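Examining the three-dimensional arrangement
Each chain, written out:
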Amino acid sequence: MQMIQETADLSAYLAADEVIDHHHPLVRETAARLARGVADSYGYARAAFEFVRDAIPHSQDSGDLRVTWRASDVLEQRTGICYAKAHALAALLRAEDIPTALCYQRFDVLHGLIAVRFDGAWHRQDPRGNKPGVDAQFSLDGERLAFVPDPESNELDHPVLYAAPHPVVLDVLKAAPDRPHLWRTLPTAL
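Along each chain, numbering runs from 1 in the same order as the chain's sequence is written. Owing to the predicted nature of the model, reporting of local features is limited to residues with pLDDT of at least 70; listing and counting of side-chain atom pairs is limited to 80 or more, with chain, interface and lining totals taken over all residues. With hydrogens and water excluded, all non-hydrogen atoms of the structure serve as input to the side-chain values.

Re helix α2 (residues 41-55)
The helix and strand labels rest on DSSP assignments: H or I over at least four residues marks a helix, E over at least two residues marks a strand, and numbering proceeds from the N terminus. Multiplying 1.5 Å by the helix residue count minus one yields the expected span of that helix. For α2, with 15 residues, the first-to-last C-alpha span of 20 Å sits near the 21 Å given by 1.5 Å per residue. Here α2 has its buried residues at Tyr44, Ala45, Ala48, Phe49, Phe51, Val52 and Arg53. In this analysis, two residues are considered to be in contact whenever any of their non-hydrogen atoms come within 4.5 Å of each other. Looking at the buried positions of α2, the neighbouring elements they touch are α1 (25-35), α4 (71-77), α5 (82-95), β3 (110-118) and β4 (121-125). Partly exposed describes any residue whose relative accessible area lies between the buried limit of under 20% and the exposed limit of over 50%, with all areas from a 1.4 Å probe on protein chains only and scaled to the type maximum.

Things to note about the sheet that holds β3
One open sheet holds the four strands; their spatial order is β4-β3-β2-β5, and the pairing between them is antiparallel. Each having just a single partner strand, β4 and β5 (156-157) make up the two edges of the open sheet. Any two strands with at least two DSSP-identified bridges between them are counted as paired. Sheet analysis places strand β2 (residues 100-106) next to β3, joined by seven bridges and oriented antiparallel. Counted as the bridge partner of threonine 100 is valine 116 from β3. Here an angle of 0 to 180 degrees is reported between the N-to-C directions of two axes, which are lines fitted to C-alpha atoms, with helices fitted over the stretch in contact. Contacts between α5 and the sheet are confined to β2 and β3, with β3 contributing the most and set at about 15 degrees to the helix.

Observations regarding the packing of aromatic side chains
Each aromatic pair joins two rings of Phe, Tyr and Trp (for Trp, the six-membered one) with centres within 6.5 Å, and gets the label stacked for planes under 30 degrees apart, edge-to-face for over 60, and tilted for any other angle. Per the stated rule, a full pass over the model turns up six aromatic pairs. With centroids separated by 5.1 Å and ring planes inclined at 65 degrees, the aromatic side chains of tyrosine 13 and tryptophan 122 adopt a geometry described as edge-to-face. Here tyrosine 13, found in the loop between β1 (4-5) and α1, pairs with tryptophan 122, found in strand β4; they are 109 residues apart in sequence, far enough to count as distant. Given the relative accessible area of 0%, tyrosine 13 is considered buried. On the basis of relative accessible area, tryptophan 122 is assigned to the buried category, the value being 10%. Clustering of aromatic rings is evident, with ring pairs tying together Tyr83, Tyr104 and Tyr162. Either the NZ atom of lysine or the CZ atom of arginine qualifies as a charge over a ring when it sits within 6 Å of the ring centre and within 35 degrees of the ring normal. Across the ring face of tryptophan 69, the terminal group of lysine 174 is positioned such that the distance to the ring centre comes to 4.8 Å. If you follow arginine 179 out to its NZ or CZ, it ends over the ring of tryptophan 183, 5.8 Å from the centre.

Here we look at the nonpolar core
Definition of nonpolar core: a set of buried residues of the types Ala, Val, Leu, Ile, Met, Phe, Trp, Tyr and Cys, connected through side-chain atoms within 4.5 Å. The biggest cluster of nonpolar side chains holds 45 residues, and the ones touching the most others in it are Tyr83, Leu92 and Leu93. Residue assignment for this core shows that the elements contributing at least two residues are α1, α2, α4, α5, β2, β3 and α6 (167-175). Ranked by residue count, the leading element in this core is α5, at eleven residues. Discounting residues that sit within four places of it in the chain, leucine 92 has contacts with Val27, Thr30, Ala31, Leu34, Tyr44, Ala48, Phe51, Val52 and Leu75.

Here's what the structure looks like:
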């Protein structure tokens, strides 16, 4: 799939905002802890990915009813759905000056993931969290995502790489008082 940057300005993929709040002390502390002992930015990106994938349970898998959307809240509360976990990973990567985009797949509902830029190319990564039937891995050599769309079932990869969360996704997250409500209102299209 040919990925399309929402903007040609790479600095947009390093920016902080109310969601990707990599200026927050908890995000900075977590990034500094993960950066210790890694040799380079590739090692850091893998460590950050594995931390978000493994140490922050997907709220559906764990049964957690809380809805998080801001990166620092995801790190503090240690819970989130795919979008929230993508926000947390984007913040951790951007905290270490690694350009990171948000991207989406469409199944019955939208699924959120990220793309990192290394060596002049974007590489999608899915920090959703593994479980039986899901084995997402950090990879710069071919995608190892949680899910692969089936075009015959009208599933697809959205090619746009967003610098900020898509408003459709963010509005649904912010409006949800709990995960059961969120599940009833998850977006099906951008």
